[in-house]
Amino acid sequence: MNRTSSSFELLHQDVRRWAWQQGWRSLKDIQENTIPVVLKRDCDVIISAATAGGKTEAAFMPIISNILSAARQQGYEVLYISPLKALINDQYSRLADMTNGLNINVTPWHGDIDAAKKTKSLKVPTGIVIITPESLESFLINRAHCVKRAFGNLKYVVIDELHAFIGNERGKQLQSLLSR
């Protein structure tokens, strides 16, 4: 990795090792600029870049670094909300690769995911849950007894494709769900 990258040095050693294994020679500008801000956890962040611009890594390299560096508590640490099941499936693969061997669970959660996998995740909820707003609403209604245990120790809420929720009913639904 380019030794002039101050952001790279801020990441947990296991995240840096993952980047090396990917063959990265440097961080993209969006990653270089985002990593210190996300690591601080003191403000909301909107990450905007072109498709394949490195947004997922810009968000999740520091998020995973923080998870690895902090004392772990029961409950999901990241609530990742996505507008589409197909995007959840894609991001699940990417995040599972990033967290492979790091003891961070990544759980996709939508209508096509097997109920047994969801139930297993709820027995000891940890790591990252990737969910649609509709599935989150169903969770809050149908699993109300699990909400505090599952989401009581959230460190991050990530909303993917934020523009898909602006100015429409799904966006209002999402605002309502987040306020709960």
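Here's a quick rundown of the structure. Each chain carries its own residue numbering, running from 1 in the direction its sequence is written. Local features are withheld for residues below a pLDDT of 70 in this predicted model, meaning they are given only at 70 or higher, and side-chain atom pairs are given and counted only at 80 or more; totals for whole chains, interfaces and linings count all residues. Side-chain measures were taken over the full set of non-hydrogen atoms in the model, leaving aside hydrogen atoms and water.

Looking now at the sheet that holds strand S3 (residues 128–131). At least two DSSP bridges between two strands are required for those strands to pair. By the criteria applied, helices consist of DSSP H or I runs no shorter than four residues and strands consist of E runs no shorter than two, each listed in order from the N terminus. A sheet is described by the order of its strands in space; here four strands give the open sequence S2-S3-S1-S4, paired in parallel fashion. Single-partner strands in this sheet number two, and they are strand S2 (106–109) and strand S4 (156–159). Averaged over all pairs of adjacent strands, the angle between strand axes in this sheet comes to 15°, irrespective of strand direction. For strand S1 (residues 78–81) and S3, the ladder comprises four bridges, and the chain directions are parallel. In the sheet register, Leu-79 faces S3, and the bridge partner there is Val-129. The convention used is that axes are lines fitted to C-alpha atoms, helices contributing only their stretch in contact, and that angles between N-to-C directions extend from 0 to 180 degrees.

The next thing to look at is the nonpolar core. As a rule of thumb, soluble globular proteins bury nonpolar side chains together. One finds Phe-60, Met-61, Ile-63, Val-78, Tyr-80, Leu-95 and Ile-128 to be the most contacted residues of the largest nonpolar core, which totals 28 residues. At the level of elements, helix H2 (13–21), helix H3 (29–40), helix H4 (55–69), S1, helix H5 (85–99), S3 and S4 are the ones that each hand at least two residues to this core. Ranked by the residues each element gives to this core, the list is headed by H4, at six residues. Contacts were defined at the residue level, with two residues in contact if any of their heavy atoms lie within 4.5 Å. If sequence neighbours within four positions are ignored, Tyr-80 has contacts with Phe-60, Gln-91, Leu-95, Ile-128, Val-129, Ile-130, Ile-131, Val-158 and Asp-160. Counting 16 residues, the second largest nonpolar core, distinct from the first, contains Tyr-76, Leu-122, Leu-140 and Phe-151. Each nonpolar core is a collection of buried residues, namely Ala, Val, Leu, Ile, Met, Phe, Trp, Tyr and Cys, held together in the definition by side-chain atoms within 4.5 Å. Throughout, exposure labels follow a simple rule: accessible area from a 1.4 Å probe, protein chains only, divided by the maximum for the residue type, with under 20% read as buried, over 50% as exposed, and the rest as partly exposed.

Looking now at helix H7 (residues 133–142). For H7, the complete set of buried residues consists of Pro-133, Ser-135, Leu-136, Phe-139 and Leu-140. Looking straight down H7, one finds its buried side chains confined to an arc of 160°; they lie on one side. When the buried face of H7 is taken as reference, the exposed residues oriented beyond 90 degrees from it are Ile-141 and Asn-142. Looking at the buried positions of H7, the neighbouring elements they touch are S1, S2, helix H6 (115–123), S3, helix H8 (147–151) and helix H9 (169–179). To be clear, the arc concerns the directions from the helix axis to the C-beta atoms.

Attention shifts here to the pairing of S2. Regular strands place their side chains on alternate faces of the sheet. Here S2 shows a buried face lined by Val-106 and Pro-108 and a second buried face lined by Thr-107 and Trp-109. Of the pairings in the sheet, the one linking S2 to S3 comprises four bridges and is parallel in character. The partner of Trp-109 across the bridge, within S3, is Ile-131.

Quick look at the packing of H3 against H4 now. Packing of H3 against H4 leaves a shortest axis separation of 8 Å and a crossing angle of 35°. For the crossing formed where H3 meets H4, the hand is right-handed. Here H3 contributes Ile-30, Gln-31, Thr-34, Ile-35, Val-38 and Leu-39 to the contact with H4, which in turn contributes Glu-57, Ala-58, Ala-59, Met-61, Pro-62, Ile-63, Ser-65 and Asn-66. Polar here means any residue other than Ala, Val, Leu, Ile, Met, Phe, Trp, Tyr, Cys and Pro, which are nonpolar, and Asp, Glu, Lys and Arg, which are charged; Gly is therefore polar. When its residues are assigned to classes, the contact of H3 with H4 shows nine nonpolar, four polar and one charged. Each helix crossing is assigned a hand: it is left-handed if the near helix lies turned anticlockwise from the far helix by less than a right angle, otherwise right-handed if that turn is clockwise.

Let us look at the side chain of Thr-56. Tracing the backbone through its elements, the reader meets Thr-56 in helix H4. Among the residues examined, Thr-56 registers a relative accessible area of 12% and is labelled buried. Among the polar contacts listed, one links the side chain of Thr-56 to the side chain of Arg-94, at a separation of 3.4 Å. In this view, Thr-56 contacts Gln-91, Arg-94 and Leu-95; residues no more than four positions away in its chain are not counted. What qualifies as a polar contact is a pair of N or O atoms within 3.5 Å, subject to a donor-acceptor requirement within protein and to the restriction that residues adjacent in sequence count only when both atoms come from side chains.

Every buried residue of H2 is accounted for by Asp-14, Val-15, Trp-18 and Ala-19. Each buried residue of H2 lies within a common arc of 145° when the element is viewed along its axis, so the set occupies one face. Buried residues belonging to H2 abut helix H1 (6–10), H4 and H5. A positive backbone phi angle near 85° is found at Gly-23, which sits one or two residues after H2.

Okay, the pattern of salt bridges next. A pair is scored as a salt bridge if a Lys or Arg side-chain nitrogen falls within 4 Å of a carboxyl oxygen belonging to Asp or Glu. Inspection of the entire model under this criterion finds eight salt bridges. Between Arg-17 and Asp-14 there is a salt bridge, with its nearest N and O atoms 2.5 Å apart. Here the residue Arg-17 and the residue Asp-14 both occupy positions in helix H2, the gap between them amounting to three residues, near one helical turn. The closest approach of N and O atoms between Lys-172 and Glu-169, which form a salt bridge, is 3.8 Å. Placement of both Lys-172 and Glu-169 in helix H9 is noted, with a separation of three residues, approximately one turn of the helix. With relative accessibility at 52%, the residue Lys-172 sits in the exposed group. It is possible to trace a salt-bridge network through shared partners that takes in Arg-72, Glu-77 and Lys-155.

As far as function goes, none of this settles anything; it's purely spatial.
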